[in-house]
Each structure stands twice: as C-alpha cells, then as structure tokens.
Amino acid sequence: MAELRRDPYADRWTLFASERANRPRDAARSPATPAAPKEDCPFCRGSEEKTPPEIDRIGEAGDRPSWRVRVVANKFPAVSVEALTEERGDLFGLMAGGGGHEVIIDSFDHLRGLADLPDEHSVQVLSMLQRRVRALFEIPSVRAVLPFKNHGAPAGASIEHSHLQVIATPALPANLAIERQIAERFYRENGHSLAEETGRWELRQGSRIVKTGDNGALVYCPFASRFPYQTTIVPWPPQNSFAVSPPGAIAAAGTAFARSLRRIKDLLGDPPLNAFFHIETRLGPGESPAAHCWRIEIIPRLTVLAGLELGSGMHINETLPERAAESLRAADARNPT
C-alpha cells in the first residue's frame, strides 16, 4: 500500500509507492566511474597547469606528482569573489559577487573515486573541506557555504574525474533557511537538537540503521527518504559546527562517507549520485549554535525527477528505506572492511 511520510528536517512529504519499481525501463545505466583514462583531463596528476592556480593541497609542496588532495578555484564559477553588490526591492532583489566557488580534486587517480580509495583518503578530503569552509566563512558577506559532490553525468558532473565543489554565497538558500527555522524551533521547545532526536529515534527503531554510531558516525536511510537508497551520515554524538568539529569527528564521518559510497557502488552497480554536506550557516540574531548539527546526505540517482517532484516538491520513492538499509547492511556483510 502506498503511504506518505513526513521529513522532520524540512517539513515535507515523500510518497512511497513500492509497486512502481516494477515499471518498464527504456535504457540500461552505465557505471558512473570512468573506465578509461582521459588524455586531456585537467584534474589528473601532471595536468596541474590546466587548472586555475592552486589554493591548497595535501601533499608535498612544490612536488607536483605527490599531491593527494588539491583545491583550485572553479574555472567557470557560479558565484564570484568580487566585492558584494546588492540591490533590494519589495519583490525583487539582486546580488552579485560576495562569495566563492572552489573545486576539491578528491582523487589523484582518474579511474578511482572515494569509493575505491582507502578510508583514510576520504578522511583527508573531509579535513581539507573543513579548512576550506573555515576560509570561506572568513569572507564577511558569506552567509552559507555549500559543499557537494556530483558523481556521473546524470548527476550533473561535467568532468568525470572525481571531485567536490564548494560554493560560498551571500544569500541563504531556501532549503537551508527552512531547515534552520525548524531546527531553531525544535531546540527552543525541547532543549536539544533535532539531529540528536532524529538519531536516537532511528536507533530505537533500528530497521533503517546501516551503522549504529559506535565508531563515531551514525549511518541510516531516513524515514522519509526522497530517493531510493538515500543515506544520511551524522557524527555521533552530533556536532554543531563542521568548521570546528574535532579531528575525531571528521575522521569518523570521512570513514563513514567512503564506506557508504562503497556500499552503494557495490550494491547498485556504481550509479550516478549526489552528496550534499548540510553544514552550519551564518546565524542571525538570537539564533543558537546548539540547534544546528551537520550531516552528510548521499542521494543515488536511480530515478528521474518528473512533473510531480519539480512542481510540488513531493517526491515519489519506489524503495522503502527499511528495505534499502537491509540491502546496504547485506552489502557490508559481503564486503567487510
């Protein structure tokens, strides 16, 4: 039977209709990880001159072949670093500049992404991301820093070599504004964060848990997942600020991120996916840092957004998160790490 479930983070509904998984499909899906080298790839070792100037790296300074993680400005930025200009109006507003757009090249190997590299490499990537988040929040006009990963062309990746992007913007995106309002209200009414409440509820339920958090990161398929096999990673216990989270929390989340990507790749045949880092925004007057906790959301792109999703914001999901979590746990059992 079809059912509706509410997402407490964003006060939106997902329609679950498992029988739709039996619909005919017109095309097979190709693996999203590159199968062969690309001669002119700007993100490969040895092609450093093809990118904008380097901002940061993990590896020996000045020894080009040694880098493991590398950061450059996006060559085609969505947000520019020039000083903010702004025009306000009753209905329409305009902003330009006041932010930044960076690329974290998270793999030195064209044929291997974070799912294929050792866990400690993913930890280094998250440590680098933390450094860049701190730096971007030093820009006074920045209100939100938005890190994300697009894996595969159907998920929006224009370059196939594994990478993350980080956009800093002077405007607060609508989804984050809604989440912030809900988290503030919940904290004022209950005295603890929504992330803590949700995590403890999922642990009591048990059926959607992939990893319990004993190693410092809780991994589960959310109750109202909008996408099949959607996976949430939360440092456990929850952490308020990504920018100042201790190394142990970053390490636990980085390891969980790599292993979650590996499970999804192994179970689903390397699908295209998006990952989004829900981290802190610049708080307004009277808002409490303790209300807001960061998490990572991984969204395999097994289905296409259509009219209902784009028009109403209500998603149809063919796979119950209980079934998804069970399959991901089984993938873990087949490939212990």
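Whatever comes next refers back to the structure up there.
Here goes a summary of the coordinates provided.

Once that is clear, we can look at the overall build of the chain. Within the chain, the regular secondary structure consists of six helices and 15 strands. In summary, the chain has a C-alpha radius of gyration of 20 Å against a globular reference of 20 Å for 337 residues, a match within 12%. When the backbone C-alpha atoms are referred to their principal axes, the chain occupies close to 60 × 50 × 40 Å. Looking at the chain as a whole, 51% of its 337 residues are labelled buried. A separation of at least 24 residues holds for 67% of the contacts in the chain among residues at least 6 apart in sequence. Per element, the accessible surface of the chain, about 16,100 Å² overall, is 54% carbon and sulfur. When the 40 positive and 42 negative side-chain charges of the chain are each reduced to one mean point, those points stand 2 Å apart.

Structurally, the position occupied by His163 is in the loop between strand 8 (144–151) and strand 9 (164–169). Among the polar contacts made by the side chain of His163, one reaches the main-chain carbonyl oxygen of His161 at a distance of 2.7 Å. Setting aside chain neighbours within four positions, we find His163 in contact with Phe43, Val103, Ile104, Ile105, Asp106 and Lys149.

The final tally for this structure, using the stated rule, is 21 salt bridges. Residues Glu202 and Arg208 are paired through a salt bridge, measuring 2.8 Å at the closest nitrogen-oxygen approach. Overall, the relative accessible area of 1% leaves Glu202 in the buried class. Each of Glu3, Arg5, Glu202, Arg208 and Glu322 takes part in salt bridges that share partners, so that together they form one network.

The strand order across the open sheet built from ten strands is 3-4-7-9-8-13-14-12-11-10, with neighbouring strands paired in antiparallel fashion. Edge strands, defined here as strands with exactly one partner in the open sheet, are strand 3 (54–58) and strand 10 (209–212). Across the sheet, the axes of successive neighbouring strands diverge by a mean angle of 15°, strand direction being ignored. The sheet strands contacting helix 1 (residues 119–137) are strand 3, strand 4 (69–73), strand 7 (100–105), strand 8, strand 9, strand 13 (273–278) and strand 14 (295–300), and the helix crosses strand 3 at an angle near 145°.

With eight of eight residues buried, strand 8 is to be regarded as a mostly interior element. For strand 8 and strand 13, the ladder comprises four bridges, and the chain directions are antiparallel. Looking at the pairing, His151 lines up with Leu273 of strand 13.

The next subject is the environment of Lys149. Relative to the helices and strands, Lys149 is located in strand 8. Placed 46 residues apart in sequence, Lys149 and Val103 show a C-alpha to C-alpha distance of 9.8 Å. If we ignore the near neighbours within four places in the chain, the residues touching Lys149 are Asp106, Ser162, His163, Leu164, Phe257, Leu273, Asn274 and Ala275. Here the side chain of Lys149 touches Asp106 through a polar contact of 2.8 Å, side chain to side chain. A distance of 2.7 Å separates the side chain of Lys149 from the side chain of Ser162, its partner in a polar contact.

Let us look at the nonpolar core. Core analysis: the largest hydrophobic core is formed by 44 residues, its most contacted members being Val145 and Phe257. Mapped by element, the contributors of at least two residues to this core are strand 4, helix 1, strand 9, strand 11 (217–220), helix 4 (247–268), strand 13, strand 14 and helix 6 (321–334). It is helix 4 that provides the largest number of residues to this core, a total of eight residues. If we ignore the near neighbours within four places in the chain, the residues touching Phe257 are Leu114, Ser122, Leu126, Lys149, Ile233, Ala275, Phe277, Ile296 and Ile298. One finds Tyr9, Ile182, Ile209 and Tyr220 within the second-largest nonpolar core, a separate group that totals eleven residues.

Thresholds applied
- Residues numbered from 1 in each chain as written.
- Predicted model: local features only at pLDDT ≥ 70, side-chain atom pairs only at ≥ 80, totals over all residues.
- Heavy atoms only, no water.
- Helix = DSSP H or I, 4+ residues; strand = E, 2+ residues; numbered from the N terminus.
- Rg over C-alpha atoms; globule rule 2.2 N^0.38 Å.
- Buried < 20%, exposed > 50% of the residue type's maximum accessible area, 1.4 Å probe, protein only.
- Contact = heavy atoms within 4.5 Å.
- Areas by Shrake-Rupley, 256 points an atom, 1.4 Å probe, with all protein chains shown as cover.
- Lys, Arg positive; Asp, Glu negative; His and termini not counted.
- Charge placed at Lys NZ, Arg CZ, Asp CG, Glu CD.
- Polar contact = N/O pair within 3.5 Å; in protein donor to acceptor, adjacent residues only side chain to side chain.
- Salt bridge = Lys/Arg side-chain N within 4 Å of Asp/Glu carboxyl O.
- Pairing = 2+ DSSP bridges.
- Axes fitted to C-alpha atoms, helices over the stretch in contact; angles between N-to-C directions.
- Core = buried A, V, L, I, M, F, W, Y, C linked by side-chain atoms within 4.5 Å.

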